[in-house]
Amino acid sequence: MACRPTDLPPAESIDIPAIHEVYRREREKRLRPEGQGQYFEPAGQFAGAYESDPHMPVVPRAPIMDEIDVAILGAGFCGMTVAIQLKEAGVANFRNIDWAGDWGGCWYWNRYPGIQCDNDAYCYLPLLEETGHMPKQKFEDGWDIYQHSVRIAKHYDLYPHAIFHTLATSLRWDEQAQRWLIATNRGDAIKARFVVMAGGPLNKPKLPGIPGIGDFKGKIFHTARWDYAYTGGSGRSPVLDKLGDKRVAILGTGATAVQVVPFLGRYAKQAFVLQRTPSSVDFRNNAPTDPEWVKALKPGWQKERQQNFHHGAMERFARGEPDAICDIWTEINRNLSVEFEAEGWPALSPEEYAARREVMDYRVMERLRNRVDEIVKDKTTAAALKPWYRFLCKRPCSNDEYYETFNRPNVKLIDVSESRGVERMTEKGFIHNGAEHEIDCLILASGFEMTSDLKKRWGIGAIEGRNGVSIYDHWADGFKTLHGMMTHGFPNQFFTGFTQAGLNATNSVTFVSQGRHIGYIVSEALKRGATVVEPSEEAQAGWVNTIRDTAIDMSSFARDCTPGYFNNEGEKNLRWYLGEPYGPGFYAFEALLEEWRGRGDLAGLMLTARMPELV
Ligand code: NDP
């Protein structure tokens with residue numbers, strides 16, 4: 001059935017300047033001078049939020065002293081797709097190093113109740129056609145996504161390459177040996193010709209710096225290390241039957257908490273939801289996979305669908321292009337397409353398109369605020385649950401039970417926006433508006449180090465390139481890369497994710513693209529007998545200029561948003577979480593890389609060979 005536009009409040013009924021003023025006030029209310037500094041890293045009494053593994057024991061082993069061609073730091077979707085592309089490029093001597101006990105990255109760690117992917121699974125799960133797998137529903141369960149990671153690893157025979165339960169603690173380029181020296185928390189000393197940073201953005205939990213949090217004597221854990229021994233149930237059967245006599249507070253109302261809260265409402269004696277900024281929560285409309293649809297799919301369907309999703313979520317639909325995804329991510333562009341069609345598809349400049357999109361954004365957000373009133377009975381609670389910011393200032397959510405949960409007598413929303421976060425913890429609970437609320441358990445749905453501070457995001461103390469220069473200093477004033485994947489002075493090192501590369505609405509598509517490019521460069525370097533590959537300063541400067549010249553300016557949008565990880569918590573030194581993507585778009589970037597590889601001259605890279613037979 002064709003996807004229809006949504007029923008929205010008419011544009012005339014929306015007073016954009018007045019709403020914009022509310023957006024501004026709501027943002028100001030939440031800004032904190034410490035910015036990213038309001039969070040602290042899991043250490044000391046909170047080290048378990050990162051260092052523990054509730055899913056699998058960490059088994060003692062002897063240190064590894066291997067010498068390998070490629071070390072891939074990460075074994076989630078990014079690390080896996082890089083590994084596969086290396087294999088396909090003929091590079092077999094690589095290892096994936098990861099703190100998790102298995103493949104899957106965030107899908108290994110996160111097994112909290114209700115966990116599902118909020119994105120269309122037919123796009124998000126990588127390599128569906130290649131592995132012959134079809135998700136059972138549009139928004140797939142976390143456990144099944146973890147199982148898909150295992151399926152991929154088996155399909156591509158990746159297990160022999162894994163070094164699990166191992167955290168890289170430092171990376172140092174040894175100019176003499178022409179190798180990266182990798183130290184880990186297991187006493188390893190691994191030498192690698194090449195190293196790929198494939199940690200992804202969701203590897204390291206961050207904790208809220210609430211005054212007195214260390215004094216709390218009750219149970220406390222982060223959602224990425226869910227303690228089923230305490231709550232009852234398991235990742236596969238989240239029946240939290242041990243919470244029946246417990247008073248539980250959950251801190252945060254982001255994408256994770258929105259999925260968890262209905263379970264707390266169902267099982268806890270009392271659930272407090274500590275909210276600073278509400279998420280927008282649309283209806284979910286999750287549906288089982290239609291076998292007739294599957295039968296009709298033609299080879300290449302996943303790439304086609306991913307492209308359609310990218311247009312709908314990040315660019316715009318072409319004339320006549322249907323919306324195959326049909327959910328909250330594509331609503332704005334779907335509705336605009338219908339309007340444009342009625343107008344004979346006018347040729348709009350980027351500015352004119354942005355203006356039309358802005359109006360649609362306000363209408364969609366108004367629809368989402370109205371949705372709260374339709375479901376939540378208590379007027380004060382409903383008012384506090386309304387999101388006052390533009391679409392994509394925060395990750396949009398969908399859930400069919402979240403708002404309903406606030407109608408339960410055992411669930412209470414605690415709005416901590418006025419105090420810019422939870423006021424204080426005590427031995428017994430939390431303080432709100434001067435009153436102590438006693439609780440047995442505090443669950444931190446406080447997110448991850450998705451900050452532009454790479455040291456925090458990667459969690460690796462020292463990364464030193466040539467002459468001991470730290471990557472953190474090298475990029476202190478912004479990225480300097482060729483194609484977002486290599487930087488001068490850091491030979492044989494590759495970067496993935498949100499840098500100065502193409503950005504796809506589906507992360508796994510971005511990773512596959514970067515993996516392909518990295519696989520190509522590594523295999524060519526090895527074939528050509530090079531011991532060192534790095535971009536020339538000129539080529540790097542050229543790419544940085546290309547990025548800046550083609551950039552789509554997000555700064556005014558980001559500055560107007562409520563603080564969060566997207567906009568560096570509103571810090572003055574604004575850096576957009578998604579890096580500096582290539583302005584002409586992901587598929588233009590793909591074409592550019594393909595053309596670059598097709599030429600075969602590795603333009604912009606300097607290759608040196610120091611092996612005796614080649615000097
Ligand atoms: P988020 O960073 O999105 O949310 C953290 C929450 O903690 C926010 O609501 C934040 O409030 C709140 N918070 C932080 N400090 C305080 C404080 N001192 N007092 C009160 N509240 C506080 O983390 P999530 O784990 O929810 O999501 C992180 C990311 O994980 C998502 O963006 C998404 O990329 C991914 N994810 C993906 C899913 C999927 O379906 N694919 C599902 C779940 C997560 P404030 O907003 O005011 O800062």
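From a predicted model like this one, the values you see are computed outputs, not experimental measurements.

Novice: I tried to follow the overall build of the protein on my own but got confused; where do I start?
Specialist: From N to C terminus, the protein includes 21 helices and 22 strands. Here the protein has a C-alpha radius of gyration of 24 Å; the compact-globule value for 615 residues is 25 Å, and the two agree. Its C-alpha atoms put the protein at 80 × 65 × 50 Å along the principal axes. Taken across its 615 residues, the protein has 59% of its residues classed as buried. Within the protein, counting contacts between residues at least 6 apart in sequence, those at least 24 apart form 72% of the total. Carbon and sulfur atoms form 52% of the exposed surface of the protein, whose accessible area is close to 24,800 Å². Taken as two groups, the 72 positive and 81 negative side-chain charges of the protein have centres that lie 3 Å from each other.

Novice: How do you make sense of the state of the cysteines when you look at a structure like this?
Specialist: Between two cysteines, a covalent bond joining their sulfur atoms is known as a disulfide. Counted according to the given criterion, the structure contains 2 disulfides. There is a disulfide in this structure between Cys 3 and Cys 326, and the S-S distance comes to 2.0 Å. Taking the torsion about the S-S bond as the criterion, the Cys 3 to Cys 326 disulfide, at about 85 degrees, is right-handed. Here Cys 3, found in the segment before helix H1 (16–30), pairs with Cys 326, found in the loop between helix H11 (301–314) and helix H12 (331–342); they are 323 residues apart in sequence, far enough to count as distant. Exposure remark for Cys 326: the relative accessible area of 34% places this residue in the partly exposed category. Residue Cys 393 pairs covalently with Cys 561 via a disulfide, S to S 1.9 Å. Across the S-S bond of Cys 393 and Cys 561 the torsion is about -75 degrees, and the bridge reads as left-handed.

Novice: Would you mind going over the pairing of strand S10 (residues 247–251) with me for this structure?
Specialist: Consecutive side chains along a regular strand alternate between the two faces of the sheet. Burial analysis of S10 places 4 of its 5 residues in the buried class, which makes it a mostly covered element. As for the winding sense of the linkage, the β-α-β connection from S10 through helix H9 (residues 255–267) to strand S11 (residues 270–275) is right-handed. Here S10 runs beside strand S18 (residues 441–444); their pairing, made up of 4 bridges, is parallel. Paired with Val 248 across the two strands is Cys 441, which belongs to S18.

Novice: Is there a simple way to explain empty space enclosed by the protein in this structure?
Specialist: Rolled over the atoms, a probe sized like a water molecule indicates the empty space that remains. Scanning all chains against the criterion turns up 4 cavities of 30 Å³ or more. In this structure, the largest cavity encloses a volume near 140 Å³. Taken together, 14 residues form the lining of the largest cavity, with Arg 457, Trp 458, Thr 496, Gly 497 and Phe 498 sitting closest to its centre. For the lining of the largest cavity, the residue count by class is 8 nonpolar, 5 polar and 1 charged. Within this model, the second largest cavity holds a volume of roughly 40 Å³.

Novice: Looking at this structure, how should I read the site of the ligand?
Specialist: Neighbouring residues of the ligand: 28 residues in total, closest Asp 118, Thr 256, Arg 276, Thr 277 and Tyr 565. Between the ligand and the protein, one listed contact pairs an oxygen atom with a backbone N or O atom of Ala 255 at 3.0 Å. At 3.1 Å, a side-chain N or O of Arg 395 approaches a nitrogen atom of the ligand. For the ligand, whose accessible area on its own is 920 Å², the fraction buried by protein is 92%. Element by element, the count of residues in the shell around the ligand is highest for H9, at 3 residues. Each of domain 1 (65–204 + 450–608) and domain 2 (205–284 + 370–444) gives at least three residues to the shell around the ligand.

Novice: Quick question: what am I supposed to make of the sheet that holds strand S16 (residues 429–432) here?
Specialist: Taken together, 3 strands build an open sheet; the order of strands is S15-S16-S17 and the sheet is antiparallel. The sheet is open, and its two edges are formed by strand S15 (424–425) and strand S17 (435–438), each paired on a single side.

Novice: How do you make sense of the sheet that holds S18 when you look at a structure like this?
Specialist: Strand pairing in a sheet relies on backbone hydrogen bonds. The paired strands run either parallel or antiparallel. If you trace the 5 strands from one edge of the open sheet to the other, you get S9-S18-S10-S11-S14, paired in parallel fashion. At either margin of the open sheet sits one strand with a lone partner, and together these are strand S9 (219–222) and strand S14 (411–415). Across the sheet, the mean angle from the axis of one strand to that of its neighbour is 20 degrees, orientation sign disregarded. In the sheet, S9 pairs with S18 via 4 bridges, with the strands oriented parallel. For His 222, the partnering residue across the bridge sits in S18 and is Leu 444. Along the sheet, H9 makes contact with S10, S11, S14 and S18, crossing S10 at roughly 170 degrees.

Analysis parameters
Counting from 1, residues in each chain are numbered in the order their sequence is written. Local features in a predicted model are, by the rule used here, given only for residues with pLDDT of at least 70; side-chain atom pairs are given and counted only at 80 or more, and totals for whole chains, interfaces and linings are based on all residues. Heavy atoms from the whole structure form the basis of all side-chain values; hydrogens and water molecules are not counted. Per the convention used, a helix needs a DSSP run of H or I reaching at least four residues, while a strand needs a run of E reaching at least two, with both numbered from the N terminus. As defined in this context, the radius of gyration uses C-alpha atoms, and a globule is described by 2.2 Å times the residue total to the power 0.38. The rule is simple: take the accessible area with a 1.4 Å probe, protein chains only, and divide by the maximum for that residue type; under 20% is buried, over 50% is exposed, in between is partly exposed. Any two residues whose heavy atoms approach within 4.5 Å are treated as being in contact. Method for areas: the Shrake-Rupley scheme with a 1.4 Å probe, in which residue coverage is limited to the protein chains shown. When charges are counted, Lys and Arg contribute as positive and Asp and Glu as negative, whereas His and the chain ends are disregarded. One atom stands in for each charge, and that atom is NZ of Lys, CZ of Arg, CG of Asp or CD of Glu. Count a disulfide wherever a pair of cysteine sulfur atoms falls within 2.5 Å. Think of it like this: strands point away, you trace from the first strand over the helix to the second, and a clockwise trace means the crossover is right-handed. Note on pairing: DSSP must find at least two bridges between two strands before they are called paired. Put simply, the grid is 1 Å and covers the protein atoms alone, a cavity is a trapped set of points that fit a 1.4 Å probe, a pocket is an open set with protein on both sides within 12 Å along at least five of seven lines, and lining residues have an atom within 4 Å of a point. Grid points are joined across faces, edges and corners, and a volume is the space filled by probe spheres set on the points. Only Asp, Glu, Lys and Arg are considered charged in this grouping, and only Ala, Val, Leu, Ile, Met, Phe, Trp, Tyr, Cys and Pro are considered nonpolar; every other residue, Gly among them, is considered polar. Here a residue is considered near a molecule or strand provided that any single heavy atom belonging to it is located within 4 Å of it. Residues adjacent in sequence count toward polar contacts only when both atoms are side-chain atoms; beyond that, a polar contact is any pair of N or O atoms within 3.5 Å, and within protein one must be able to donate a hydrogen and the other to accept it. Where each domain starts and ends follows an automatic or database-derived domain assignment. In this analysis, axes come from line fits to C-alpha atoms, helices being fitted only over the stretch in contact, and the angle between any two N-to-C directions falls in the range 0 to 180 degrees.

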